[in-house]
Amino acid sequence: MLNSQERSSSISSVFRGTFIHSTRETALQIREDELLGVDADGKIAFIEKGAELDRLSQTFGFSPTEVTQLVQHEFIMPGLVDTHIHASQYSYAGTALDMPLLQWLNTYTFPVESHFKDLQFARRVYSQVVKRTLRNGTTTACYFATIHTDASLLLGQIANDFGQRAFVGKVCMDRNNFVKHYKETNQESQAETCRFIAELLNKKYPLVRPVVTPRFAPSCTGALLGQLGAIAKKNNLHIQSHISENIEEIKLVKELFPDSESYTDVYLKHNLLTDKTVMAHGCHLSDEELVVFRETGASLSHCPNSNISLCSGILNVRNVMKHKVKLGLGTDVAGGYSSSMLDAVRRTLDSSKVLTIQDPEHVTLTFEEVFRLATLGGSQALSLDDQTGNFEVGKDFDALRVNVAAPGGPIDLVQPEKPKILLEKFLNLGDDRNIVEVFVAGRKVVPFTEPTTE
Ligand SMILES: [Zn+2]
């Protein structure tokens, strides 16, 4: 047994009010008048009925006066998980949406990304994107940086300084026929990837990890893809890339990799599909390819804003779910123009409704299902669901404190509403003004306390 002093130091905060989250079994679980305690390591120590206050305060050694009581119209939900975002493209988010993928990359993306050699520029953009996404409630982000190792390391440092949970990928590409100065040699790409991984791991940031990042098959030779698969395996690392985003791209992959049966087969052959892989898009994957995803445990990141903005396609999420492939949502900034995961939720619902318009047999996603994709689903897609994604005891407390009627906010409430209505209104109408506080691993990261290293 702990003595009372040890017990009191083990609980760092306790909240009382409405908690809304998802479980594996239930897309939406609403728990009213509950108490949630967070321990000194930032983990959820308990979540139980409010009526148990006296017993809990004795067991866990906190004073009932230390409990933070949520006010009317407030609830706490899990942090949002952005499974696919290009931090380096944030500078032109909201513009340059007038071309399909391959032309868009050559015209806008590669020239901008090549600027990240300049660390001052990188610091400016990366600080902005980390702050903006945190403010929008993204507690976990899976980032693409650029081919530049030092700037990619800087992104890791900035995410750590602001307290965001993040995967950071130094982009690898040894093939670029259009913007010739923005690529690496095969040797550079391998060596710099190894340096990036070693240096980032060496920093021992508690919440920031490297992810092996071949840009996508058309930007990489088969040799590089194979080497990156081996590096990921040797270091037991996550992998991220893109797949089957647009039809022209799929044709190009067929030309570049004539020996592969499909786009999925290209990655499979190079050992890049594992249970720690997340692939963006997959709009045009066949059912056979989805079976390969399920068998390997690889996941998909659904980025509907990007898919619509670049006229790439519409992923049939219902079909992906039917194939039991892990799935999260992504903003895909800047192909997606919004860095807010609330936008990803809305575009996911819109895209699903478009599929229903085209085929009335299609079963439209519900907002409850999309809420789960944006939280628990994202954590599953990144193989982090043992650590985050919902409010199970022992997981890290990654959470948003939401006030649907925040003063000056975008939502008007005419009358008191039930929590389910409050959540639906927040998902459809809310923005960062409603996100009063953001917690990652128990630490309050919004409102910001400016890091001293800035
Ligand atoms: Zn992308």
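Since this is a predicted model, take the numbers as computed values, not measurements.

For the protein chain, the count of helices and strands is 15 helices and 17 strands. The C-alpha radius of gyration computed for the protein chain amounts to 22 Å, which stays within 12% of the reference 22 Å derived for 454 residues, consistent with globular compactness. Principal-axis analysis of the C-alpha atoms gives the protein chain an extent of 65 × 55 × 40 Å. Residue burial in the protein chain is summarised as follows: out of 454 residues, 60% are buried. Put simply, 73% of the contacts in the protein chain that link residues at least 6 apart link residues at least 24 apart.

One finds Tyr126, Tyr267 and Leu300 to be the most contacted residues of the largest nonpolar core, which totals 110 residues. Shared between two domains, this core holds at least three residues of each, these being domain 1 (4–78 + 391–446) and domain 2 (80–381). Within the second largest apolar cluster, twelve residues are counted, among which are Phe15, Phe19, Val38 and Ile47.

This part is about the coordination of the zinc ion. Protein coordination of the zinc ion is provided by His84 (NE2), His86 (NE2), His242 (NE2) and Asp332 (OD), with donor distances spanning 2.1 to 2.3 Å. One way to put it: the four donor atoms around the zinc ion meet at angles of 87 to 171 degrees, and that makes the site irregular. Donor residues for the zinc ion, ordered by position in the chain, follow H-x1-H-x155-H-x89-D. Placement of the pair is His86 in strand β6 (residues 80–86) and His242 in strand β11 (residues 238–243), with a sequence separation of 156 residues. The pair His86 / His242 is uniform in exposure class, with both members buried.

With that settled, consider the pattern of salt bridges. If you walk through the whole model with that rule in mind, you get 25 salt bridges. Between Asp396 and Lys43 there is a salt bridge, and its shortest N-O distance comes to 2.9 Å. Taken as a pair, Asp396 in the loop between α14 (367–381) and β15 (399–403) and Lys43 in the loop between β2 (29–39) and β3 (44–49) lie far apart in primary sequence, 353 residues in all. Lys43 sits in the partly exposed class, given a relative accessible area of 32%. Among the salt bridges present, the one from Arg195 reaches Glu199, with a minimum N-O distance of 3.2 Å. On the criterion of helical spacing, the pair formed by Arg195 and Glu199 is a turn pair, its members being four residues apart in helix α6 (residues 186–203). The class for Glu199 is partly exposed, based on a relative accessible area of 31%. It is possible to trace a salt-bridge network through shared partners that takes in Lys43, Arg165, Asp396 and Asp398.

Viewed as axis vectors pointing N to C, α6 and helix α7 (residues 222–235) meet at an angle of 20 degrees, and their least axial separation amounts to 10 Å. Here α6 lies roughly parallel to α7, going by the angle between them. Here the hand of the crossing between α6 and α7 comes out right-handed. In this structure, α6 uses Asn186, Ser189, Gln190, Thr193, Cys194 and Ile197 to contact α7, whose residues at the interface are Ala223, Leu224, Gln227, Leu228, Ile231 and Asn235. Counted by class, the contact of α6 with α7 contains six nonpolar, six polar and no charged residues.

Turning our eyes to something else, we now look at the domain arrangement of the protein chain. In terms of domains, the protein chain is made up of domain 1 (4–78 + 391–446) and domain 2 (80–381). For domain 1 and domain 2, the distance between their C-alpha centroids amounts to 31 Å. Taken together, the contact between domain 1 and domain 2 spans 34 residues of the former and 26 residues of the latter. Across the interface of domain 1 and domain 2, roughly 2300 Å² is buried in total on both sides, 63% from carbon and sulfur atoms. Among the residues of domain 1 in contact with domain 2, Leu427, Asp432 and Val440 are the three that bury the most area, contributing 23% of the side total. On the surface where domain 1 and domain 2 come into contact, there are four salt bridges. Residues Glu368 and Lys420 are paired through a salt bridge, measuring 3.2 Å at the closest nitrogen-oxygen approach. In this assembly, domain 1 and domain 2 are joined by nine residue pairs in polar contact (both at pLDDT 80 or more). Of all the secondary structure elements, the ones that give two or more residues to the side of domain 1 that touches domain 2 are β1 (11–21), β5 (74–78), β15, α15 (419–429), β16 (435–440) and β17 (443–446).

This brings us to the packing of α14 against α15. α15 packs onto α14 with a crossing angle of 65 degrees between their chain directions and a minimal axis gap of 11 Å. Considering the angle they form, α14 stands roughly perpendicular to α15. When you trace α14 past α15, the crossing you get is left-handed. Along its contact with α14, which presents Phe367, Glu368 and Phe371, the element α15 presents Lys420, Leu423, Glu424 and Leu427.

Turning our eyes to something else, we now look at helix α5 (residues 149–162). Taking 1.5 Å as the rise per residue, α5 with 14 residues should run 20 Å; its terminal C-alpha atoms sit 20 Å apart, in good agreement. Among all positions of α5, only Thr149, Ala151, Ser152, Leu153, Leu154, Leu155, Gly156, Ile158, Ala159, Asp161 and Phe162 are buried. The inward-facing, buried residues of α5 contact α4 (119–135), β7 (138–144), β8 (165–169), α6, β10 (208–214) and β17.

With that settled, consider the pairing of β16. The element β16 is extensively covered by neighbouring structure, given that five of its six residues are classed as buried. Alignment of β15 against β16, held across four bridges, turns out to be antiparallel. Across the sheet, Val402 pairs through a bridge with Ile435, a residue of β16. In the sheet, β16 pairs with β17 via three bridges, with the strands oriented antiparallel. Along β17, the bridge assignment pairs Val440 with Arg443. Connecting β16 to the antiparallel partner β17 that follows it, the hairpin turn spans two residues, and Ala441 within it adopts a positive phi of roughly 50 degrees.

Conventions and cut-offs
Counting restarts for each chain: residues are numbered from 1 in the order of the written sequence. This being a predicted model, a pLDDT of at least 70 is required before a residue's local features are given, and a value of 80 or more before pairs of side-chain atoms are given or counted; all residues contribute to the totals for chains, interfaces and linings. Calculation of side-chain values draws on the structure's entire complement of heavy atoms; hydrogens and water are dropped beforehand. Each helix is a run of H or I in the DSSP string that is no shorter than four residues. Each strand is a run of E no shorter than two, and both are numbered from the N terminus. Only C-alpha atoms enter the radius of gyration; for comparison, a globular chain is expected to reach 2.2 Å times N to the power 0.38, where N is the number of residues. For every residue, the accessible area (1.4 Å probe, protein chains only) is compared with the maximum for its type, and the residue is labelled buried under 20%, exposed over 50%, or partly exposed between those bounds. Throughout, a residue-residue contact means that at least one pair of heavy atoms, one from each residue, lies within 4.5 Å. Take the buried Ala, Val, Leu, Ile, Met, Phe, Trp, Tyr and Cys residues and link them wherever side-chain atoms come within 4.5 Å; each set so joined is a nonpolar core. Segmentation into domains, and thus their bounds, comes from an automatic or database assignment. Keep in mind that water is not among the atoms, so a site may look incomplete; donors are the N, O and S atoms within 2.8 Å of the metal, or 3.2 Å for Na, K and Ca. Under this scheme a four-donor centre is tetrahedral when all angles range from 85 to 135 degrees, a four-donor centre is square planar and a six-donor centre octahedral when opposite donors are above 155 degrees with the rest from 65 to 115, and any other centre is irregular. Salt bridge criterion: a side-chain nitrogen from Lys or Arg within 4 Å of a carboxyl oxygen from Asp or Glu. With axes taken as lines fitted to C-alpha atoms, and helix axes fitted only over the stretch in contact, angles between N-to-C directions fall between 0 and 180 degrees. Under this scheme an angle from 65 to 115 degrees is roughly perpendicular, one under 35 degrees roughly parallel, and one over 145 degrees roughly antiparallel; angles in between are oblique. Crossing chirality is assigned from the near helix's rotation relative to the far helix, an anticlockwise turn below a right angle marking it left-handed and a clockwise turn marking it right-handed. In this count, Pro and Cys sit with the nonpolar residues alongside Ala, Val, Leu, Ile, Met, Phe, Trp and Tyr, while Asp, Glu, Lys and Arg are called charged and the others, Gly among them, polar. The term buried area means the drop in 1.4 Å probe accessible area that two parts suffer when joined, counted for both and summed. N or O atoms closer than or at 3.5 Å make up a polar contact, with two conditions inside protein: a donor-capable atom paired with an acceptor-capable one, and, for residues adjacent in sequence, both atoms drawn from side chains. For a helix, the expected span equals 1.5 Å multiplied by the residue count minus one. When DSSP finds two or more bridges between a pair of strands, those strands are recorded as paired.

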